[in-house]
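Coordinate analysis (summary)
Now for the letters of each chain:
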Amino acid sequence: MSARTRRLTTAQALVRFLSAQYTERDGVRRRLIAGTWGIFGHGNVAGVGQALLEAGEEVMPFHQGRNEQSMVHAAVGYARQLNRLSAQAVTTSIGPGATNLVTGAALATINRLPVLLLPGDYFATHSADPLLQQLEHPVEADVSVNDTLRPVSRYFDRITRPEALIPSALQAMRVLADPAETGAVTLALPQDVQAEAYDWPEEFFAERVWYVRRPAPDPVELTAAVEAIRSAERPLIVAGGGVHHSEAEAALKAFVDATGIPVASTQAGKGSLRHDHPADLGGIGHTGTAVSDDLARTADLVVGVGTRYTDFTTASGTLFQHPDVRFLNLNITGSDAHKLAARTLVCDARSGLERLLEALSGHRVSEAYEAAYSVGKDRWEEVVEAAYRADDESAVPTQTQVLGALDAAVGDDDVVINAAGSLPGDLHKLWRSRSPRQYHLEYGYSCMGYEIPAGIGVQQAAPGTPVWALVGDGTYLMMPTEIVTAVQEGLPLNIVLIQNHGYASIGGLSEETGGERFGTAYRFRAADGTFTGAPLPVDLAANAASLGMDVLRAKTVRELREALATARSSDRPTCVYVETDPAPTAPPAEAWWDVPVAETASREAAVEARERYDRQVAGRRRHL
């Protein structure tokens, strides 16, 4: 080996390269790839697996997973907790190991969160063709199952020669570290290339820092934005996940303190202000609060900060009803900034809010407007109190009383994680966020099974932080496997497992849309063939215990409060299991959500649902 090159396999070179990559923002430096998750098979055991072993834990920490999809979820939870400034890699074999990555990759890319995927692939030389688990395509010999990752990746390459890794690895790091482009990045690694040696230039392994930009707003755009805000009588801020990713919470608070403009939050943006700030109105949209949605309907200017404006936020285009409503979007991603025909501020959220505050010096909304939304906020707080209150602590708790008990148990810096089912709606309406990262809802992809592995990722990113994964029985059955990882690593993850014997959220939606709760209950078949018999004799608490968790069963509100306190003080992975009263106690939806209903049907429930649908859809607007 010459002084200027180092002879390594492609896999060894990749691991060494990744260990020397850093991000830096505001003078704080972090490893860009802080560790690698892996499950080994013939497609990566002798390549990436050997390279990780040879490098050692100090160079590249290794985390053993149980399911490839859940490893991606853990990596995503890690990246989100660290505001996208540090990420993890995931290595798999070929075949099902690789295709199991697809759901996690879609979740990462939709939520704009970085993760590096390293699936094995076929032999680049085709010397063994077909090999075990290889997909044979009749007309495209270079297609593999990894091509399923192309549409859900922000960057994709197949490394068919060792030297091809150099430009591709650099591009991969650029995308992962770019707040406007980040998401899942895939480098597919043919098995033979992983093990092939090459003389790598030493410069490839030099420490490299990727500076995370805070671009300021364009002066022309800033002037137009200031004019729009000054002329608005009823402005409303919609805070999205970009507020958290750019660590703009303090800038948002300063802006709101000065201007009096109220803030409503998306699922990703909740916690941008503390719940008790006078201008924090809680969630917005289909699962939003009454005060937020009432203001949204009458707002003449909507200021979106770091939001993608999904259909839940806009109530499928029916929420913003002021005849002259206009939009001003502050977003680091141009495509998001231009949504709803908005005036744009394409910039970092913190930088943009700081510049707006300077330019709006002395401006404040009217006292009458502040008084109006303050009254609405106080009324909604009464709704929250009623939903949380349990007058009889010896009774079986409702789902909202479970949230009330958890609200009383957590500290300001605890992290509460959820992704799917009926809980996201209840949490968005009712949860009182006390710190920027307490409310961790994955609702871009709303992926069942995300919560438990994401909790592991959060605890890796923030050791010592109490983490609560809230899961219903449907979500738990999707992916409980990483409980074993939490036990193995000694991570005191808390799981609140709510048993309601089926898909409660979709059951309610099915009833609303004429589906009559078909196929949504976990029950035996009845005589007519439907799933309407007795509940299944499934003991999920025993299952959690069999995977190594401490399990606390709570049958009453009082027992639930005691169990949550015990779990929070434990240094072991702990599951609090509770069967809830199925009677709905959450406030109803304050805005619509478009789920198309059968246009023609013979069953009365579907006919009535279509009539309701036609009335609602008539309120949709195209904001042009």
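The structure under discussion appears in the preceding block.
Report follows, based on the coordinates. Here the structure is a predicted model, which is why all the values come from computation and not from measurement.

1. Re the overall build of the chain
- The helix and strand inventory of the chain stands at 24 helices and 23 strands.
- Against the globule reference of 25 Å for 624 residues, the chain gives a C-alpha radius of gyration of 25 Å, in line with a compact fold.
- Expressed as lengths along the three principal axes of its C-alpha atoms, the size of the chain is roughly 75 × 70 × 55 Å.
- When the 624 residues of the chain are sorted by exposure, 57% land in the buried category.
- Relative to all contacts within the chain whose residues are 6 or more apart in sequence, the contacts with residues 24 or more apart total 76%.
- As displayed, the chain offers around 24,500 Å² of accessible surface, 52% of which is attributable to carbon and sulfur atoms.
- The averaged location of the 77 negative side-chain charges in the chain is 3 Å from the averaged location of its 56 positive side-chain charges.

2. A short note on the state of the cysteines
- One pass over the structure, following the stated rule, counts zero disulfides.
- Residue Cys447 stays outside any disulfide, its sulfur separated by 20 Å from that of Cys575, the closest cysteine.

3. Points about the nonpolar core
- Ranked by size, the top nonpolar core spans 78 residues in total, and within it Ile237, Leu252, Leu356, Trp468 and Leu470 carry the most contacts.
- At six residues, the largest contribution of residues to this core is made by helix α15 (residues 367-388).
- Excluding residues within four positions of it along the chain, Ile237 makes contact with Leu252, Phe255, Val256, Ile261, Pro262, Val263, Ala264, Val303 and Val305.
- Within the second largest apolar cluster, 45 residues are counted, among which are Met71, Ile483, Met549 and Tyr577.

4. Some words on the packing of helix α11 (residues 290-298) against α15
- Two elements in contact, α11 and α15, have axes separated by 8 Å at closest approach and are oriented at 145°. Counting all contacts with α11, which are made through Ala290, Val291 and Leu295, the residues of α15 involved are Tyr369, Tyr373, Gly376, Lys377 and Trp380.
- Its residues assigned to classes, the contact of α11 with α15 shows six nonpolar, one polar and one charged.

5. Overview of the sheet that holds strand β8 (residues 155-158)
- With respect to topology, six strands assemble into an open sheet ordered β5-β4-β6-β7-β9-β8, the strand pairing being parallel. Both edges of this open sheet fall to β5 (62-64) and β8, since each of them pairs with a single strand only. Each strand of the sheet is rotated relative to its neighbour by a mean of 20°, with strand direction disregarded.
- Across four bridges, the pairing between strand β4 (residues 33-38) and strand β6 (residues 87-92) is parallel. Within the sheet, the bridge partner assigned to Thr36 lies in β6 and is Ala89.
- Packed on one face of the sheet, helix α3 (residues 68-81) meets β4, β6 and β7 (115-121) and runs near 170° to β6.
- Packing against the sheet, helix α6 (residues 165-177) makes contact with β4, β7, β8 and β9 (184-190), and its axis sits at approximately 160° to β9.

6. Quick word on the pairing of strand β12 (residues 235-239)
- Where burial is concerned, most of β12 is hidden: five out of the five residues are buried.
- With five bridges joining them, β12 and strand β15 (residues 301-305) adopt parallel strand pairing. Each residue of the ladder has a partner; that of Val238, found in β15, is Gly304.

7. Some points on unusual backbone geometry
- Residue Pro130 follows Asp129 across a cis peptide bond; omega there is 0°.
- You can see Pro130 is positioned in the loop between β7 and β8.
- A positive phi angle, close to 50°, is found at Ala315, a residue other than glycine.
- In this fold, Ala315 is placed in the loop between α12 (311-314) and β16 (326-331).
- Judged by its relative accessible area of 0%, Ala315 falls in the buried class.
- Unlike most non-glycine residues, Glu516 shows phi in positive territory, near 55°.
- In this structure, Glu516 sits in the loop between α21 (504-512) and α22 (540-546).
- Its relative accessible area of 38% is what places Glu516 among the partly exposed residues.

8. What to know about the environment of Thr530
- If you trace the backbone, Thr530 turns up in the loop between α21 and α22.
- Sequence separation of Thr530 and Arg517 is 13 residues, and the distance between their C-alpha atoms is 11 Å.
- When neighbours within four sequence positions are excluded, Thr530 is seen to be in contact with Phe524 and Arg525.
- There is a polar contact of 2.9 Å between the side chain of Thr530 and the side chain of Thr532.

9. What to know about the side chain of Asp414
- On the secondary structure map, Asp414 appears in the loop between α16 (399-409) and β18 (415-418).
- The exposure class of Asp414 is buried, given its relative accessible area of 1%.
- A polar side-chain atom of Asp414 sits 3.0 Å from a polar atom in the side chain of Trp468.
- If near-sequence neighbours (up to four positions away) are discounted, Asp414 is found in contact with Gln438, Pro466, Trp468 and Arg568.

10. Things to note about helix α10 (residues 249-259)
- The complete set of buried residues in α10 reads Glu249, Ala251, Leu252, Phe255, Val256 and Thr259. Looking down the long axis of α10, one finds its buried residues gathered within 160° of arc, a one-sided arrangement.
- Contacts made by the buried residues of α10 are with α8 (219-231), β12, α9 (241-245), β13 (263-265) and α14 (349-359).
- In the segment just after α10, Gly260 is the residue with positive phi, at about 75°.

11. Digging into the pairing of strand β20 (residues 467-472)
- Where burial is concerned, most of β20 is hidden: six out of the six residues are buried.
- Every second residue of β20 is oriented toward a common face, with Val467, Ala469 and Val471 on one face and Trp468, Leu470 and Gly472 on the other, all of them buried.
- Pairing of β18 with β20 involves three bridges; the strand directions are parallel. Note that in β20 the partner of Val416 across the bridge is Trp468.

12. Quick word on the packing of aromatic side chains
- All chains considered together, the criterion is met by eleven aromatic pairs.
- Arranged with centres 5.6 Å apart and planes meeting at 85°, the rings of Tyr369 and Tyr373 form a pair that is edge-to-face. With Tyr369 and Tyr373 both in helix α15 and four residues apart, this pair spans about one turn of that helix. We note that Tyr369, like Tyr373, is buried.
- The rings of Phe17, Tyr198, Trp200, Phe204 and Phe205 are connected pair by pair, giving a single aromatic cluster.
- If you follow Lys270 out to its NZ or CZ, it ends over the ring of Tyr439, 5.5 Å from the centre.

13. Describing the sheet that holds β15
- On the basis of which strands lie adjacent, the open sheet formed by six strands has the order β14-β13-β12-β15-β16-β17 and parallel pairing. Each edge of the open sheet is held by one strand with a lone partner, namely β14 (280-283) and β17 (343-346). Geometrically, the sheet is characterised by an average inter-axis angle of 20° between neighbouring strands, direction not taken into account.
- Across four bridges, β16 lies against β17 in parallel orientation. Bridging across to β17, Asn331 finds its partner in Val346.

Here is what the cut-offs are and how they apply
- Residues numbered from 1 in each chain as written.
- Predicted model: local features only at pLDDT ≥ 70, side-chain atom pairs only at ≥ 80, totals over all residues.
- Heavy atoms only, no water.
- Helix = DSSP H or I, 4+ residues; strand = E, 2+ residues; numbered from the N terminus.
- Rg over C-alpha atoms; globule rule 2.2 N^0.38 Å.
- Buried < 20%, exposed > 50% of the residue type's maximum accessible area, 1.4 Å probe, protein only.
- Contact = heavy atoms within 4.5 Å.
- Areas by Shrake-Rupley, 256 points an atom, 1.4 Å probe, with all protein chains shown as cover.
- Lys, Arg positive; Asp, Glu negative; His and termini not counted.
- Charge placed at Lys NZ, Arg CZ, Asp CG, Glu CD.
- Disulfide = S-S within 2.5 Å.
- Core = buried A, V, L, I, M, F, W, Y, C linked by side-chain atoms within 4.5 Å.
- Axes fitted to C-alpha atoms, helices over the stretch in contact; angles between N-to-C directions.
- Nonpolar A, V, L, I, M, F, W, Y, C, P; charged D, E, K, R; others polar.
- Pairing = 2+ DSSP bridges.
- Polar contact = N/O pair within 3.5 Å; in protein donor to acceptor, adjacent residues only side chain to side chain.
- Arc of directions from axis to C-beta.
- Phe/Tyr/Trp six-rings, centres within 6.5 Å; stacked < 30°, edge-to-face > 60°.
- Lys NZ or Arg CZ within 6 Å of the ring centre and 35° of its normal.

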